[in-house]
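Observations on the model geometry
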Amino acid sequence: AALSQFLAYGNLFLVIIFTMEMLLMLLARGCTRYVRDASNVYDALLVVVSLMELSMNGNSVLSVFRALRLFRVFRLVRSLSGLRQIVRVMLRALAGTGWLTVLMALYIYVAALIGME
């Protein structure tokens, strides 16, 4: 119960922050310049869907769209070159550990078979 309440308050907080960001961007850029950028339109769509979900007390199909917020992180990674380089290095490191993971799983399997005898 405490976790679900925490998540509900966190969702409300994020919706308020994103709504304020959208309104400030609309005021600063104007409607036509705001709509020209596809990422702004994407953000506005997420905000409108989130506000509709909040008005329905979170009991709607619209809660599926919360997962689309994750794509904002990808946009952030794309825009920051230092962060992009860190992500690239981490992915290379994970690729190198694939065979090690397979080898460890095989070792654990064999050890379990020996332990059963």
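1. Points about the overall build of the chain
Looking only at helices and strands, the chain has 6 helices and 0 strands in total. Listing the helices and strands of the chain from first to last along the sequence gives α-α-α-α-α-α. Taken over the C-alpha trace, the chain has a radius of gyration of 22 Å; the compact-globule value for 117 residues is 13 Å, which it surpasses by more than 25%. Dimensions of the chain, computed from C-alpha atoms along their principal axes, come out at roughly 70 × 40 × 20 Å. Relative to all contacts within the chain whose residues are 6 or more apart in sequence, the contacts with residues 24 or more apart total 49%. In the form shown here, the chain has an accessible surface area of approximately 9,400 Å², with 75% of it arising from carbon and sulfur atoms.

2. Some words on the packing of helix H3 (residues 38-55) against helix H4 (residues 70-79)
Interaxial distance between H3 and H4 falls to 11 Å at its minimum, and their mutual angle equals 155 degrees. In terms of orientation, H3 lies roughly antiparallel with respect to H4. Crossing of H3 against H4: the hand is left-handed. Within the contact between the two elements, H3 uses Ser39, Tyr42, Asp43, Leu46 and Val47 and H4 uses Phe71, Arg72 and Arg75. Partitioning the contact of H3 with H4 into residue classes produces 4 nonpolar, 1 polar and 3 charged.

3. Points about the nonpolar core
Listed in full, the 5 residues of the largest apolar core are Phe18, Met22, Tyr34, Ala44 and Val47. Going through the elements one at a time, helix H1 (2-29) and H3 are the ones with two or more residues in this core. In contact with Met22, other than residues within four places in its own chain, are Tyr34, Ala44 and Val47.

4. Describing a nonpolar patch on the surface
A surface patch of nonpolar side chains, amounting to about 800 Å² of accessible area, comprises Tyr9, Leu12, Phe13, Leu14, Ile16, Ile17, Met20, Leu51 and Leu54. Sorting the residues of the nonpolar patch by element identifies H1 and H3 as the ones contributing at least two each. Along the polypeptide, Leu14 turns up in helix H1.

5. A closer look at the confidence of the model for the chain
Looking at the chain, the pLDDT average stands at 85 and 97% of residues meet or exceed 70. Taken element by element, the chain is modelled with least confidence in H4, mean pLDDT 74, and with most confidence in helix H2 (residues 31-36), mean pLDDT 93.

6. Topic: the packing of H1 against H3
The N-to-C vectors of H1 and H3 enclose an angle of 135 degrees; their axes lie 10 Å apart at closest approach. Taken as axis vectors, H1 and H3 run oblique relative to one another. In this structure, the crossing between H1 and H3 has a hand that is left-handed. Taking contact as the criterion, the partners of Asn11, Leu12, Val15, Phe18, Thr19, Met22, Met25 and Arg29 in H1 are, on H3, Asn40, Ala44, Val47, Ser50, Leu51, Glu53 and Leu54. Of the residues assigned to the contact of H1 with H3, the class counts are 9 nonpolar, 4 polar and 2 charged.

About the cut-offs
Residues numbered from 1 in each chain as written. Predicted model: local features only at pLDDT ≥ 70, side-chain atom pairs only at ≥ 80, totals over all residues. Heavy atoms only, no water. Helix = DSSP H or I, 4+ residues; strand = E, 2+ residues; numbered from the N terminus. Rg over C-alpha atoms; globule rule 2.2 N^0.38 Å. Contact = heavy atoms within 4.5 Å. Areas by Shrake-Rupley, 256 points an atom, 1.4 Å probe, with all protein chains shown as cover. Axes fitted to C-alpha atoms, helices over the stretch in contact; angles between N-to-C directions. Parallel < 35°, antiparallel > 145°, perpendicular 65-115°, else oblique. Left-handed = near helix turned anticlockwise from the far one by under 90°. Nonpolar A, V, L, I, M, F, W, Y, C, P; charged D, E, K, R; others polar. Core = buried A, V, L, I, M, F, W, Y, C linked by side-chain atoms within 4.5 Å. Buried < 20%, exposed > 50% of the residue type's maximum accessible area, 1.4 Å probe, protein only. Patch = residues over 30% accessible without salt bridge, like charges linked within 9 Å, V, L, I, M, F, W, Y side chains within 5 Å. Salt bridge = Lys/Arg side-chain N within 4 Å of Asp/Glu carboxyl O. pLDDT = per-residue confidence, 0-100.

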